[in-house]
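Examining the three-dimensional arrangement
Residue-level listing of the chains:
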Amino acid sequence: MYCKKLKVFWILGLDGNSMDKVIRMHGNRVDLCVFRTDDIAIGRYTKWLNDESINGYIGHNYRNNSYDNVKRIFTREQMPYDYMYNIVSKELEELIGICEVKYFPQARNAIISLYIGEKEYRGIGLGTEVMKLLTKFSFEELNAHRVGLYVFSDNDAAINCYRKVGFKQCGI
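Residues numbered from 1 in each chain as written. Predicted model: local features only at pLDDT ≥ 70, side-chain atom pairs only at ≥ 80, totals over all residues. Heavy atoms only, no water.

**Section: unusual backbone geometry**
- Phi angles above zero are rare outside glycine, and arginine 108 is one such case at about 55 degrees.
- With respect to the secondary-structure elements, arginine 108 resides in the loop between strand 5 (94-104) and strand 6 (109-116).
- Positive phi is not limited to glycine here, since asparagine 143 has a value of about 65 degrees.
- Assignment of secondary structure puts asparagine 143 in the loop between helix 4 (126-141) and strand 7 (146-152). (Helix = DSSP H or I, 4+ residues; strand = E, 2+ residues; numbered from the N terminus.)

Right under this line is the structure:
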């Protein structure tokens, strides 16, 4: 289904395959590593973005994207305050997803996002671990005052993940 869904803004305030990898953030079961743009990684991103269980929730219609289109999307020049990472399973050292922090220094706000591309890694708490790493990075390293995210109102798994981390609904 590719119909328009209601987006809800969530916010968290201060109160409240074996591969060569450069680890930026260590978790218990996942590491957040430097974003890859090699052929193997682009192949995975292409597979994930053509998966209806993902692309209906990431806010873009990436359905039926070719390898070349996905490569163009992910090899674009990053903005100075746009931090993209690969999510890597520590157990198998396998690339399993992507996450991002967009930081707005003038407002000291950050917007975070993630998706777990490999289905067998969904629903086992890895998204929650990634969210904790990204919020910690945003507050402690970027000195953000607020961290927010957008979620489709029917994405119950994501909403539950965000609540576990401490996010509160802020808006319709």
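**Digging into the packing of aromatic side chains**
- If you walk through the whole model with that rule in mind, you get 9 aromatic pairs.
- Seen in terms of ring centroids, phenylalanine 35 and phenylalanine 74 are 5.6 Å apart; in terms of plane orientation they differ by 40 degrees. Their pairing is tilted. Of this pair, phenylalanine 35 sits in the loop between strand 3 (30-34) and helix 1 (39-49) while phenylalanine 74 sits in helix 3 (residues 67-74), placing them 39 residues apart in sequence.
- Judged by relative accessible area, phenylalanine 35 falls into the buried class, the value being 15%.
- Look at tyrosine 83 and phenylalanine 137: their rings are 5.4 Å apart centre to centre, the planes differ by 75 degrees, and that puts the pair in the edge-to-face class. Of this pair, tyrosine 83 sits in strand 4 (residues 82-89) while phenylalanine 137 sits in helix 4; the two residues are 54 residues apart in sequence, bridging distant segments of the chain.
- Note on tyrosine 83: relative accessible area 23%, which makes it partly exposed.
- The exposure class of phenylalanine 137 is buried, given its relative accessible area of 13%.
- A network of ring pairs unites the aromatic residues Phe35, Tyr45, Trp48, Phe74 and Tyr115 as a single cluster. (Phe/Tyr/Trp six-rings, centres within 6.5 Å; stacked < 30°, edge-to-face > 60°. Buried < 20%, exposed > 50% of the residue type's maximum accessible area, 1.4 Å probe, protein only.)

**Concerning the nonpolar core**
- Judged by nonpolar contacts, the single largest core of 32 residues is most densely connected at Leu32, Ile87, Met131 and Leu134.
- Element by element, the count of residues in this core is highest for helix 4, at 7 residues.
- Core analysis: the next-biggest nonpolar cluster, separate from the first, contains 13 residues, Ala41, Tyr45, Leu95 and Ile98 among them. (Core = buried A, V, L, I, M, F, W, Y, C linked by side-chain atoms within 4.5 Å.)

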